[in-house]
Amino acid sequence: MSGARRGRRRGVGGPRHQRAARLLAAVFLAPTVIGVLVFTVVPIVGSVLLSFFRWNVIDSPRWAGTANYREMVTDSTVLVSFTNTLLFMVLAVGLQIFLALVLALALDGRLPNWLRTALRSAFFFPLVLSAASISVVMKYLFNQDFGVVNWALGQVGVSPVPWLTHETWAMVAVVLVYVWQQFGFSLLLFIGGLNNIPREMHEAAAMDGSTGWRKHLHITLPLLSPTLLVASVVGVINALQVFEQPYVLTDGGPGDATRTVVMVIYQNAFEQLRFGSASAVGVLLFGLILAMTALQFRLSRRFVHYQ
Amino acid sequence: MSSTGRRDRIGPSRRALLRYGAYGATAAGVAASWDRLTGADIPGRGGDALTVATLGASIDPAAQRVLREGFERLHPEIKVRLIPVQATDWPDFFAKILTQIAAGTAPDVVYVATEGVQLFAENLGVALDDRVRRDADELREYFADVHPALVESMMYEGSLYQLPVEFNAADMYLNTSVLGGAGLELPAADWTRDEFTALLRELRSAGGSGLTPYYWTNRLWGGVVPWLFVNDTNILSESKAPGGRWLWDEFYPADLAAGRGGGYRWTTPQATSAPVAEVYDYLTELIQEGLCSRPEGGGGNNLVGVFSTGRVGVTPAGGFWAGGLHEAGMDPAGYDVRFFPRWRSQRHQFGGAGYALLRTSNKPDEAWEFIKYSVRTEVLEALFQANQTTPARRSMVDAARYRETGPAGWRTFYDTLDAFPDTGPIPAPPRVTEVELALTKHTSTALSSPGSVRSALRAMQNDLEAAMERDL
């Protein structure tokens, strides 16, 4: 009897079973890991390598050392595109999160359920549309002479705004179109975050006399801070890679006023056949995104609180 | 007893029968749909078809059938696969073709506009010289029907790379309803820049805030460039490559061939020269007076709608606009066309297009048959029924073509070439994408205020110099 029991115990926890479990785990993980390797890691490595060559896709690549990086540092278009992209990021992500937060709090208040659902769907809908097709429509709406936006402003006595052809207004127009499309994602995050706050916390705050804006500032925001972190990280990553809106709306203009880093990458690679230069800019953008993400996670240690 | 009974069963079990039946059905289904699963039922798919890439937006499905089926009727042994590539404009189209080349799926033949002629010729195209000479008798009628300026625009360093199929020069479209509302007549063919300016001022006075007298799009074709041409200048200095006599002596009489060479060379940037600055000063003045707006970039797709509804008085466009305005519901009498106004000269700019044979092709002879086919009169008639371009063949630009769509002044389209033989292509060297970017980028900043012109042109000059010096 004791012998039988000992044998059974060894069988259950035996080496063969452990090996089988590990093999099974590896089999289940393989599709995802292989997918990440093939579609993410290999292209990144390829892009880094390509940044040390000159290649026009027609002839064989030629070794160029760090020439692509040196040229990039002295290219005023590249430098302007990074400045534009950072400015765009600050404006777009800031406005996006602010709008999403205000609307999420409004939707969290007293509303008929049908209205709440309808508004959530309406705000989310732009996100599922093609950014390029939205920008084509917006290009008509924002036209200085014939656009509906300027027609509407004219009805209230405002002079026509050169939305797409003035250095400052072009950036404003691109930010507005981008935020209009993207903020639905942040809104979803905040709605989820608000739903995650226990009702007792609000009741306890109310008992202590904290209501309205004071409640939002001292109770809701700290409890939403993990959600804010996610919204901020995702928003920054997306904004640094913006392309469709400035490409379709303003073609990077006027001048270089709305030219972004990804536009420069696209133009260098596919319009000018300078794949090495484009890869070098891509590597730099990759580094910038990594740095911005790391910075946010570091700041999160101070500002993000968990229940 | 029960065990014995089970062993005694005869034939497969019901479960086994169902399983094998499913296997059989699956195998039959796979076999029946093998062509669909492997894509073999796609016409021309696979390595043996001649692949032809065209700008998707400019050729409709019916026209594609004409192009493919007519050719296959003539050459039953050659299968054709047409690849319509959707693109917003020519640079976008070339970017997509180059992407296909990078991916190793290069087409055999590509429809290439002036914007890409030299880019393709220098790096990707096959010179057609030997084939043209060999088939000279077959092509003589074609060359007699095509203005030599169009042919010259498709040459590079002495060789011919494409046969012109279509072209569009930047003439001026005038909205006759808007002019009538201001009490104005159509201008004369030899109108001057100052008469043009006076016309805009009259339109401005009569039209009010809802009217834009002059509207144009910032791009290589039809933006600033027509004004540079009539001011006898360009952003890059022009010259002719040597050679080309093999073509001019064979196909054109001496008077038409005089001055023709082996294709254009655009070399030294001269954006800071006085005539160029003069053009920008003039356009800035128009903007300051409210006679036009700072131009947007892009293809000008929204322009048809606002012109046809009378919110624009005048705009540069080519023959391609006749069909667009017609489809927008404009009455043929509602608009007309004139030459571009004269300044120091009345030299016009144009862009053309034709099929280029790529070096990567392993079917050059079949491709050449297609290129010859593409310029036949009956093929062009079928392709250009909608008047969305101007045929390269003079004989096709006739009253019947424009009876339904207008304009009344349709003769202007081809007369632009005959009346001004020095009319030439937009500046499109092999570095054309960087040239176009430098032009459009700094044009938009130059026109922001009168004080911006000189600094923007200096920046344009720097960009052009960097572009022309760079190895591809």
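Scope of this entry: the structure provided in the associated data block. (Residues numbered from 1 in each chain as written. Chains lettered and ligands numbered in written order. Predicted model: local features only at pLDDT ≥ 70, side-chain atom pairs only at ≥ 80, totals over all residues. Heavy atoms only, no water.)

## A closer look at the overall build of chain B
Operational definition: A run of H or I in DSSP counts as a helix once it spans at least four residues, and a run of E counts as a strand once it spans at least two, with each numbered from the N terminus. Remark: exposure states derive from per-residue accessible area (1.4 Å probe, protein chains only) relative to the maximum for the residue type, with buried under 20%, exposed over 50%, and partly exposed in between. A contact between two residues is defined here by any heavy atoms of the two lying within 4.5 Å. Note on areas: Shrake-Rupley, 1.4 Å probe, and residue coverage restricted to the protein chains presented here. Residues scored as positive are Lys and Arg, those scored as negative are Asp and Glu, and His as well as the terminal groups of each chain are ignored. To locate a charge, the coordinates of NZ of Lys, CZ of Arg, CG of Asp or CD of Glu are taken.
Broken down by element type, chain B carries 23 helices and 15 strands. Principal-axis analysis of the C-alpha atoms gives chain B an extent of 115 × 55 × 50 Å. Within chain B, buried positions represent 57% of all 472 residues. Across chain B, the fraction of contacts at a sequence separation of at least 24, relative to all contacts at a separation of at least 6, is 79%. Of the roughly 19,000 Å² of accessible surface on chain B, 50% is carried by carbon and sulfur atoms. Within chain B, the 58 negative side-chain charges are centred at a point lying 10 Å from the centre of the 46 positive side-chain charges.

## Quick look at the overall build of chain A
As a reminder of what qualifies: For this measure, only C-alpha atoms enter the radius of gyration; the expected value for a globule follows 2.2 Å times N^0.38, where N is the number of residues.
When its secondary structure is counted, chain A shows 13 helices and two strands. Computed over the C-alpha atoms, the radius of gyration of chain A is 26 Å, more than 25% above the 19 Å expected from 2.2 N^0.38 for a compact globule of 307 residues. Structurally, chain A occupies a C-alpha span of about 95 × 70 × 35 Å along its principal axes. Across the 307 residues that make up chain A, the buried fraction comes to 40%. Sequence-distant contacts in chain A: of pairs separated by 6 or more residues, those separated by 24 or more amount to 66%. Carbon and sulfur atoms make up 69% of the accessible area of chain A, which amounts to about 17,000 Å² in all. The average position of the 23 basic charges and that of the 13 acidic charges among the side chains of chain A differ by 25 Å.

## Some words on the interface of chain B and chain A
Test applied: When two parts are brought into contact, each loses some accessible area as probed by a 1.4 Å sphere; the total of that loss over both is the buried area. Only one rule defines a salt bridge in this text: a Lys or Arg side-chain nitrogen within 4 Å of an Asp or Glu carboxyl oxygen. Here a polar contact is taken to be a pair of N or O atoms separated by no more than 3.5 Å, where protein atoms must pair a possible hydrogen donor with a possible acceptor and residues adjacent in sequence count only if both atoms sit in side chains.
At the interface, 28 residues of chain B touch 27 residues of chain A. Interface area for chain B against chain A, summed over the two sides, is near 2,600 Å², with a carbon-plus-sulfur share of 53%. Inspection of the region where chain B meets chain A yields three salt bridges. The closest approach of N and O atoms between B:Arg294 and A:Glu167, which form a salt bridge, is 3.3 Å. At the junction of chain B and chain A, the tally comes to 12 residue pairs in polar contact (both at pLDDT 80 or more). At the level of elements, α5 (90–102) and α22 (432–446) of chain B are the ones that each hand at least two residues to the side of chain B that touches chain A.

## Concerning the environment of A:Asp256
Along the chain, the position of A:Asp256 falls in the loop between α11 (244–249) and α12 (261–271). A relative accessible area of 15% places A:Asp256 in the buried class. Sequence-wise, A:Asp256 and A:Asn84 are 172 residues apart; in three dimensions their C-alpha atoms are separated by 8.5 Å. A polar atom in the side chain of A:Asp256 sits 3.2 Å from the side chain of B:Lys441.

## Side note on the pairing of strand β6 (residues 162–169) of chain B
Residue and element names in this part refer to chain B. Here is the rule we go by: Any two strands with at least two DSSP bridges between them are considered paired.
Within β6, eight of the eight residues are buried, which leaves the element mostly enclosed by the surrounding structure. Here seven bridges tie β6 to strand β13 (residues 349–357), and the two strands are oriented antiparallel to one another. Bridge pairing links Pro164 to Gly354 in β13.

## Quick look at the sheet that holds strand β12 (residues 335–338) of chain B
Residue and element names in this part refer to chain B. Defined as follows: Orientation is described by axes fitted as lines to C-alpha atoms, over the contacting stretch for helices, and by angles from 0 to 180 degrees between their N-to-C directions.
Overall, mixed pairing links the four strands, which are arranged β8-β11-β7-β12 in an open sheet. Whereas interior strands pair on both sides, the edge strands pair on one side only; in this sheet they are β8 (212–214) and β12. Taken over all neighbouring pairs, the strand axes of this sheet differ in orientation by 25 degrees on average, direction set aside. Across four bridges, strand β7 (residues 171–175) lies against strand β11 (residues 312–317) in antiparallel orientation. Within β11, the residue paired with Leu174 across the bridge is Val314. Here helix α21 (residues 411–419) sits on the sheet and contacts β7 and β12; the angle it forms with β7, its principal contact strand, is near 155 degrees.

## Notes on the pattern of salt bridges
Here the structure, examined in full by the defined rule, presents 32 salt bridges over all chains. As a salt-bridge pair, A:Lys139 and B:Glu296 come within 3.3 Å of each other at their nearest N and O atoms. Highlighted residues: A:Lys139 in helix α6 (residues 131–141) and B:Glu296 in the loop between α15 (274–288) and α16 (303–308), drawn from two different chains. The residues A:Lys139 and B:Glu296 share a single accessibility class, namely buried. B:Glu238 is paired through a salt bridge with B:Arg347; the nearest N and O atoms lie 3.1 Å apart.

## Considering the side chain of B:Arg401
Residues and elements named next belong to chain B. For Arg401, the position within the fold is in helix α20 (residues 399–402). From its side chain, Arg401 meets the backbone oxygen of Met396 in a polar contact 2.8 Å long. The residues contacting Arg401, other than those within four sequence positions of it, are Glu381, Phe384, Gln385, Asn387, Pro391 and Met396.

## Overview of unusual backbone geometry
Of note, the amide linkage connecting A:Gly253 to A:Pro254 takes the cis form, showing an omega dihedral of -5 degrees. By the element assignment, A:Pro254 lies in the loop between α11 and α12. That bond from B:Gly406 to B:Pro407 is cis: its omega, 0 degrees, falls within 30 degrees of zero. Along the chain, B:Pro407 turns up in the loop between α20 and α21. One non-glycine residue, B:Glu157, adopts positive backbone phi at about 50 degrees. The residue B:Glu157 is located in the loop between β4 (155–156) and β5 (159–160) in this model. Although it is not a glycine, B:Asn387 adopts a positive phi angle of roughly 55 degrees. Secondary-structure assignment places B:Asn387 in the loop between α19 (377–383) and β14 (390–391).

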